[in-house]
Amino acid sequence: MTDYVIAPAPRPAIPVAGGGLFPARRVYCIGRNYAAHAREMGGDPTRETPFFFLKPADALQYCAPGETVSHPYPPGTESYHHEIEMVVALKSGGRDIPVERALDCVYGYAVGLDMTRRDRQGEMKAKGLPWEIGKSADLSAPIGPIHPVAAVGHLAVGAISVSVDGAAKQAANLADMIWSVPEQIAILSRYYELEAGDLIYSGTPEGVGAVKRGQTMVGAIERLGEIRLAVV
Ligand code: MN
């Protein structure tokens, strides 16, 4: 029996709508998964193999329904962007999961934001460097409660939006994804052994933009409710 030499960090866990806690393992994110957003980022919205990146699980920031959560503006950016995304929560995983069985792995869905230091990400892209500084700021993965499939079903269609100080910024439909949720799971599982507790941020539609301290973001997805964050 070996004792920890420092206190182990608690495992991040996200409340489930209706009760219980979902223990988070990894946070995968898919890039450029909506055609109009791929174009606004200077990309080509084809069905070439999608790409993924990760955020640390302790970047998750839980946003309770009906509350305005204080979201700290991170250091090291003058262009901190909102990316509204549906988050997929896995209850099981594996390797080389076939598309037709991928939805069996899904526990539920949540509203999320992939907050991004766009200025740093752009510099790294231009230099061919990794994106971590752009994508992995502390608390850069706000998330609402997880809604179990048992309650809301699977989501392939539905409005997804974010507003800033009441003005609509991103407004699209989950049906506009280039790669569906089952396809995302199947492709990810070729590169990683997926496990229960993994979360997948499924990409953002067009209309990303910067927020400033003092502004309030409201992200919403049909059937999953909304999250509300005050940038401080
Ligand atoms: Mn994103």
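Everything here concerns the structure above.
For clarity, every value in this text was computed on a predicted model and none was experimentally measured. (Residues numbered from 1 in each chain as written. Predicted model: local features only at pLDDT ≥ 70, side-chain atom pairs only at ≥ 80, totals over all residues. Heavy atoms only, no water.)

S.K.: How should I be thinking about the pairing of strand S18 (residues 225-231) in this particular structure?
M.R.: Side chains on a regular strand alternate between the two faces of the sheet. With four bridges joining them, strand S6 (residues 68-71) and S18 adopt parallel strand pairing. Each bridged residue has a counterpart across the sheet, and for serine 70 the counterpart in S18 is alanine 230. Sheet topology places strand S17 (residues 216-221) next to S18; six bridges connect them, and they run antiparallel. Directly across from methionine 217, in S18, lies its bridge partner leucine 229. Here S17 folds back onto S18, and the loop between the two strands holds three residues, one of which, arginine 223, carries a positive phi near 80°. (Pairing = 2+ DSSP bridges. Helix = DSSP H or I, 4+ residues; strand = E, 2+ residues; numbered from the N terminus.)

S.K.: How should I be thinking about helix H3 (residues 118-127) in this particular structure?
M.R.: An α-helical turn contains 3.6 residues, so a residue and the one three or four places further along point in the same direction. Those residues of H3 that fall on the buried side of the exposure criterion are Arg118, Asp119, Gln121 and Met124. On its buried face, H3 sits against strand S7 (80-82), strand S10 (116-117) and helix H4 (132-135). Just past H3, the residue glycine 128 takes up positive phi, approximately 70°. (Buried < 20%, exposed > 50% of the residue type's maximum accessible area, 1.4 Å probe, protein only. Contact = heavy atoms within 4.5 Å.)

S.K.: Can you help me understand the nonpolar core in this one?
M.R.: General note: in soluble globular proteins, nonpolar side chains tend to be found buried as a group. Formed by 44 residues in total, the largest nonpolar core has its most connected members in Met86, Tyr109, Ile185 and Met217. Those elements that place two or more of their residues in this core are strand S3 (27-30), strand S8 (84-90), strand S9 (106-113), helix H5 (149-152), strand S13 (159-164), helix H6 (181-191), S17 and S18. Counting residues in each nonpolar core, the second largest holds 19 residues, with Val16, Val27, Val87 and Ala89 among its members. (Core = buried A, V, L, I, M, F, W, Y, C linked by side-chain atoms within 4.5 Å.)

S.K.: Mind showing me how you'd approach the environment of proline 98 here?
M.R.: Counting through the fold element by element, proline 98 comes out in the loop between S8 and helix H2 (99-102). Residue classification places proline 98 among the partly exposed residues on the basis of a relative accessible area of 25%. Separated by 32 residues in the primary sequence, proline 98 and proline 130 have C-alpha atoms spaced 29 Å apart.

S.K.: I'm lost on the sheet that holds S7 in this one. Help?
M.R.: Within a beta sheet, neighbouring strands are joined by backbone hydrogen bonds and run either parallel or antiparallel to one another. Spatially, the three strands line up as an open sheet ordered S10-S7-S16, and their pairing is antiparallel. A strand with exactly one partner marks an edge of an open sheet, and here the two such strands are S10 and strand S16 (209-211). Bridge count for S7 against S16 is three bridges, and the pairing is antiparallel. Bridge pairing in S16 places histidine 81 opposite alanine 210.

S.K.: Is there a simple way to explain the sheet that holds S18 in this structure?
M.R.: Read from one edge to the other, the open sheet built from five strands follows the order S6-S18-S17-S13-S14, with strand pairing classed as mixed. One side of each edge strand has no neighbouring strand; the edge strands of this open sheet are S6 and strand S14 (167-173). When the angles between neighbouring strand axes are averaged without regard to direction, this sheet yields 20°. (Axes fitted to C-alpha atoms, helices over the stretch in contact; angles between N-to-C directions.)

S.K.: Where do I start with the pattern of salt bridges in this structure?
M.R.: When the charged atoms of two side chains with opposite charge come close together, those side chains can pair. For the coordinates displayed, the defined rule picks out ten salt bridges. Of the charged contacts in the structure, one is a salt bridge between lysine 55 and aspartate 114, with a shortest N-O distance of 2.7 Å. Note that lysine 55 is positioned in strand S4 (residues 52-55) and aspartate 114 in the loop between S9 and S10, a separation of 59 residues in sequence. Judged by its relative accessible area of 4%, lysine 55 falls in the buried class. Across the salt bridge formed by arginine 120 and aspartate 119, the nearest N and O atoms sit 3.5 Å from each other. Residues participating in the shared-partner salt-bridge network are Lys55, Glu83, Asp114, Arg118 and Lys135. (Salt bridge = Lys/Arg side-chain N within 4 Å of Asp/Glu carboxyl O.)

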